[in-house]
4 protein chains.
Amino acid sequence: MPNDTSAPATPATPVLGIGMIGYAFMGAAHSQGWRTVGRVFDLPLAPAMAAVCGRDPAAVRAAAGRLGWAAAETDWRALIARDDVDLVDICTPGSSHAEIAIAALEAGKHVLCEKPLANTVAEAEAMAEAARRARARGRFAMVGFNYRRTPALALARRMTAEGRLGVLRHVRISYLQDWLVSPDFPLAWRLRREQAGSGALGDLGAHAVDLAQHLAGEPLTAVSAQTETFVRERPVPGGSPGEIGPVTVDDAALISGRLASGALASFEVSRVAAGRKNALRVEVNGTLGSLSFDLERLNELHFHDHTADPAEAGFRRIHVTEDSHPYLSAWWPAGHGLGYEHTFTHQAHDLLQAIAAGTDPDPGFEEGLQVQRVLAAVEQSAAENSVLVPVPAPQPAAVPAG
Amino acid sequence: MPNDTSAPATPATPVLGIGMIGYAFMGAAHSQGWRTVGRVFDLPLAPAMAAVCGRDPAAVRAAAGRLGWAAAETDWRALIARDDVDLVDICTPGSSHAEIAIAALEAGKHVLCEKPLANTVAEAEAMAEAARRARARGRFAMVGFNYRRTPALALARRMTAEGRLGVLRHVRISYLQDWLVSPDFPLAWRLRREQAGSGALGDLGAHAVDLAQHLAGEPLTAVSAQTETFVRERPVPGGSPGEIGPVTVDDAALISGRLASGALASFEVSRVAAGRKNALRVEVNGTLGSLSFDLERLNELHFHDHTADPAEAGFRRIHVTEDSHPYLSAWWPAGHGLGYEHTFTHQAHDLLQAIAAGTDPDPGFEEGLQVQRVLAAVEQSAAENSVLVPVPAPQPAAVPAG
Amino acid sequence: MPNDTSAPATPATPVLGIGMIGYAFMGAAHSQGWRTVGRVFDLPLAPAMAAVCGRDPAAVRAAAGRLGWAAAETDWRALIARDDVDLVDICTPGSSHAEIAIAALEAGKHVLCEKPLANTVAEAEAMAEAARRARARGRFAMVGFNYRRTPALALARRMTAEGRLGVLRHVRISYLQDWLVSPDFPLAWRLRREQAGSGALGDLGAHAVDLAQHLAGEPLTAVSAQTETFVRERPVPGGSPGEIGPVTVDDAALISGRLASGALASFEVSRVAAGRKNALRVEVNGTLGSLSFDLERLNELHFHDHTADPAEAGFRRIHVTEDSHPYLSAWWPAGHGLGYEHTFTHQAHDLLQAIAAGTDPDPGFEEGLQVQRVLAAVEQSAAENSVLVPVPAPQPAAVPAG
Amino acid sequence: MPNDTSAPATPATPVLGIGMIGYAFMGAAHSQGWRTVGRVFDLPLAPAMAAVCGRDPAAVRAAAGRLGWAAAETDWRALIARDDVDLVDICTPGSSHAEIAIAALEAGKHVLCEKPLANTVAEAEAMAEAARRARARGRFAMVGFNYRRTPALALARRMTAEGRLGVLRHVRISYLQDWLVSPDFPLAWRLRREQAGSGALGDLGAHAVDLAQHLAGEPLTAVSAQTETFVRERPVPGGSPGEIGPVTVDDAALISGRLASGALASFEVSRVAAGRKNALRVEVNGTLGSLSFDLERLNELHFHDHTADPAEAGFRRIHVTEDSHPYLSAWWPAGHGLGYEHTFTHQAHDLLQAIAAGTDPDPGFEEGLQVQRVLAAVEQSAAENSVLVPVPAPQPAAVPAG
């Protein structure tokens, strides 16, 4: 196993074999997480990077070598069937999530599935049902809302859960990118509804909705929305010169919602916000304080303590690199910041801990389903003149109390 | 005229007598504008601070002395009737705007009216009609959207008008304050519908809506909204111990809208956003670039030029203190920033220039009416499950082309 | 007295007549202070803007009208001699400060003198001696280190005086501008030693040194320095085509020093720092906390409380616009920021309060002299290979204890 | 070799065996670099993590397992002697650098040595001489100034080298930490001169000096300095209760210097700047533009283009995550930031590239020696009343032309 980059830190640690499907951007990021997690954290289970799967035999072999997987497969069913694979990590487009995840769970494997959980509520419901059945057999499923694992946002969650913000009034999240500003950008699969499900909504909005519910510790109960596709036709990749095709997903969405407690939630997601590369901005206002965060400065959390003397109050820039901050005691001395990819290392850590403890990972498929229901309500509202559409309440287990 | 703080810079400059009604926060700010404008700018008309009006005789006399007005009146009709008053500056609550403004225009006076123009669309329509009639007689009316006169936002408007941003995709404005976080804050007149018309919506939202339309150079055509009153009862000022009364206006509003060109607009206004004191934030994204602004750092405009080499592109912090920036050649050397109150000095300057030139001030009452129509549509949408409500198109003159 | 812009708020308030010499940038800024102070603050003395003085009769008359002075003089001795002048405000180049200030004090007038106090230590000593004699007769002298009156820096001083920072370790101040980057900028008087005394050192360094000593509440005891003139010849204004002359002052200076307590102080001043317009940045580090400030964002003070829980500690952005902040209760509601010129209004306020109370203004000429001694030591060090040069201890009254 | 985390991406790539000495903070960071570099970059040489060395047998074995080294050694001479070690990576305290590095080079190994290169100029000269001899035999030596590999600083260097800043006027660097604020922090080895050589000076100042010379593309020619030890006695680790011992290194240093071109350089380093965790701040001002950087926001470079229209000029925040930025094409899509540890991955990349190409790594030991000479001049100046001390000119090869 010359490429095994994830052998146990001590021989006594049990091994958990990982099989990953898909090896593009997300696959590379997940690989970095699996390779690194055991080098940094003390783990109850040692991940072994058993096999990676993709359709092109030569490309998947090259990816295995590059990314550190011991073997390569070209059929995802074969990957699931491998004895050395205990956990299936799904990094494929959303249209394939349900089929793969359900098959893996039914084959007795743990599952980590990239977000959004699925392209439809029906698929997500089937996945959540499969996860419930698997849990009864000691197999667990997690959905990959990796931004929860940014230390600053994990600290934010800790602070809201501790009541440092009091009763929430506002949650506002914008997630802005700009790679679709140019009309010359081609009609990639992410711009086709049949594969991607939706556009900025599913890609960016899923993160935004998950974070809002996670930070608030409560679900959205209703949403109103507008969506827009500003550039409606784009060049077909590999098409004849000048051939264009229709864009069938949204470029941007505006969403306003209500959380169960009555707090107002606002969301804006876009792929045409010139100059904003990966600008996920979060602010939460409560009766005792406020928090704000910007992914472009991901090692910072800004906290206003509204109970402080007004003459000295203000948003303080907490440099989230202290030992007492989430995940940080495993890393570098105070002041030495982390990057985007660390969220995947932390995600791997949290999943391995949950599996070893025999408890549900957080977020599980129920939470992924709840996000999917919000996205569906968003699309319904956008189709019905922005009228407020209720979101069905999640089952009790879906959003933990804190 | 011992208190005349606004005598002409040169004896040859014609004098324009000013009469102001109301002398609280807005009255003090307008007074600072009238006192200062002739000391800083070369003016075609020299404002003379003739008289100020308020109901309490002693208090208004004291205010006249403090603020620099030559005389005091206790009846606004008497103020309007004064021969030495050529322009009536209305700084009273919104419920009185229509009656005063119409009377002043009919008496042949110019009018400057604080925002929001009125508490209802019907009032605003009557005011706009009065302004149209007065214009035919060479008398002009302006509504006091002073933030347009922040040099950074004036520069932003210049840049959007010049096409530096290309086709607009997004306008997003949030205007957040926190003075109503505490439930102990009393039930002031601003929290009663009959006087204030609305809450954060009319107070903060009016600015936000005006700026969006002004920066974009086009009107909103439809809006969807939620509003909320989080603290529904508050102590009655001067009431018996423990006496509380109902808050009848909104604490916060979420609004999403469309501009005539199809661009998306989002607004959030709140008086319960802990830690945000006067946080008016504006961002505009277009196909060629983006602008952003924060009133808490009002001497800065951030500009991203999307046509630049990506390796060197980014939001640049323009310190808006150069001679070539709007209003700045009259002030200090580059680098020496201005403050909030300067917007009123600039407003006075622009109004005097328009009157001297015999042209419509910008924004006139038609634009104030258009904002009022948007606010009414917001309230209708909020009352009807956030359904998108169309905003009637303004008359051609209301929103200038650029 | 049609131009009297500064009549008493109440008739009972005694009047203090002001006479100002010089009406360029500083004169305009001081005028704005005198015009405004009585409109905003409750004052024990009402300033009356009696006369302004300049050499060109037509220009000084125009300036009087523009800036709001009742009369104009062309001879500063005549201005001092006026019965309606009780206080002489000196806004001329440094080479004339000593002669004017001493004459005014000897004539029984109060004096406000722009910084730097003088061009040489000898002049400053004579001025301080004159101020000592005048004080015995109830006449007071202040030097115009206006930045102390920025509310954020006044708050900083309050916090250091209260011990919120503990024992100081570091004071670092940089003051950077860029108007001399271009070699085409002409050889103005500010670039000639005989008039300006020094370059960035006296202009910017005087502020920096004063602030360091003021914030620390203790004097500098020794300094080491380098100075440089990067562009050594510049076009002579009004000279023949191509005529150039030697620049005889510094473009920039680096200074390191010691405060009496042993804390380290570092200074950097420059007029050739491209992109920095008026960037006065201050940071103070102590054993209990730190403060930082940037004049380009002058309504903010950043405070780190080192006694806080590290998990929640960080520099907090105090928006210095609260009623409880220095000077702010006289101005606008929280969140509405001030600008550069307000420092002159506050300076006028503090001076009038001191005169009415019969106490020394702060900073008085002794403190101006102390700054001058530091600047002289800087020049000596720069001339002697940067060797550390001691600064003579000020007389006990020069730097107040707190 | 079950722990080999660094096998070649393709079997044809030649392997370079790495042996590392020391496995604390720096060793962990270097390990992360060696583990990751081949997973992200296309490499001409595949690093194999052959062995790690430390004195404690059990601890070094555990570290080998944790960090991914195939074998463990307890004698650095044995590590150097291993056939499977081609490159020796020295992560020990400065006092041992010279002996190890010279032995490794003489044994025909390549060397990567942590900074500062040595504790004395004499040691550094011997090391540079050893490196010169080794180069003649095709063996290369690099000193680990890893911050050069921060993408934003690499971009800064590219821009200064391209002349985007014109002639430099100022380089200012501060590097502030606060872990020594508390007098209870123990007397660790880093606070003893015999092991650490110096304090903040060698630890932080070495980085600052290297970056100044690197960004400017020219050496410092003279320096003036003050140093200070504020807390002169600290608890002895493992000592009897209350036992204290003397701190023999500096807590902080102020340095001013000259670059060969005449530009002014200023430096401030401290371990007692409360609230600053790892605040390395860099600013460079030239006649055509300026750059600024803050390690606490390491994915950003701020650039002011002084040739732009002043009405639109300002420091632009370049988010250094584009494909066209240094190192970034190997990582994530635009907008997804990196962290501190990536500098070590980039350092490994650059070193492997140089070795494969048979060219000198940058920075080589000559540059490490030049930094050492500057630090020695700093200490001399501090001991001699801050007098300006010349720095001997480096040999021509030491500082590349650009």
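Residues numbered from 1 in each chain as written. Chains lettered and ligands numbered in written order. Predicted model: local features only at pLDDT ≥ 70, side-chain atom pairs only at ≥ 80, totals over all residues.

Taking an unreviewed UniProt entry as the reference, chain A is identified by name as Gfo/Idh/MocA family oxidoreductase belonging to Streptomyces physcomitrii.

Participant: Tell me about the interface of chain C and chain D, and please be specific about residues and values.
Facilitator: With 31 residues of chain C at the interface, the matching set in chain D holds 31 residues. Of all elements in the fold, only β7 (168-176), β8 (220-228), β11 (252-259), β12 (264-270), β13 (279-286) and β14 (289-294) of chain C reach the threshold of two or more residues within the side of chain C that touches chain D. Ranked by residue count, the leading element in the side of chain C that touches chain D is β12 of chain C, at four residues. (Contact = placed C-beta atoms within 7 Å. Helix = DSSP H or I, 4+ residues; strand = E, 2+ residues; numbered from the N terminus.)

Participant: So, the pairing of β14 of chain C: which residues are in play, and what are the values?
Facilitator: Residues and elements named next belong to chain C. In terms of residue burial, β14 counts as a mostly covered element, since five of its six residues are buried. In terms of strand pairing, β13 meets β14 through five bridges, oriented antiparallel. From the neighbouring strand, Glu283 faces β14, where its bridge partner is Ser292. Taking the residues that link successive antiparallel strands as the turn, the β13-β14 hairpin has two residues. Relative to strand β15 (residues 300-305), β14 runs antiparallel, the two being bridged by four bridges. Opposite Gly289, over in β15, you have Asp305 as the bridge partner. Connecting β14 to the next strand, β15, in antiparallel fashion are five residues. (Buried ≥ 20, exposed ≤ 12 C-beta atoms within 10 Å, placed from the backbone. Pairing = 2+ DSSP bridges.)

Participant: I'd love a proper account of the relation of the copies chain C and chain D, names of residues and values included.
Facilitator: Two copies of a chain can be linked by a rotation about an axis combined with a shift along that same axis. For these two chains of identical sequence, chain C goes onto chain D by a turn of 180° and a shift of 0.0 Å along the axis, with RMSD 0.0 Å. Those values place the two copies in the arrangement expected of a two-fold rotation axis. Among all C-alpha atoms of chain C, that of Val387 of chain C lies closest to the rotation axis, at 2.1 Å. (Least-squares fit on C-alpha atoms with pLDDT ≥ 70 in both.)

Participant: An account of helix α5 (residues 121-136) of chain B is requested, with residue identities and associated values reported.
Facilitator: All names here are of chain B. For α5, built from 16 residues, the straight-helix expectation of 22 Å at 1.5 Å per residue is met to within 8% by its first-to-last C-alpha distance of 23 Å. Listing the buried residues of α5 in full gives Glu123, Ala124, Met127, Ala128, Ala130, Ala131 and Ala134. Buried positions in α5, seen along its axis, are confined to an arc of 160° and lie on one side of it. Exposed residues pointing more than 90 degrees away from the buried face of α5 are listed as Ala122 and Ala136. For α5, the elements touching its buried residues are α4 (97-106), β6 (141-144) and α10 (365-383). Trailing α5 by a residue or two, Gly138 shows a phi angle of about 80°, which is positive. (Expected span 1.5 Å × (residues − 1). Arc of directions from axis to C-beta.)

Participant: How would you sum up the UniProt feature "domain: GFO/IDH/MocA-like oxidoreductase" (unreviewed entry) in chain A? Please name residues and give values.
Facilitator: Residues given the UniProt feature "domain: GFO/IDH/MocA-like oxidoreductase" (unreviewed entry) here are residues 155-291 of chain A. The span residues 155-291 of chain A carries 20% helix and 36% strand; its end-to-end C-alpha distance comes to 10 Å. (UniProt positions renumbered as here; feature names shortened; annotations may be inferred.)

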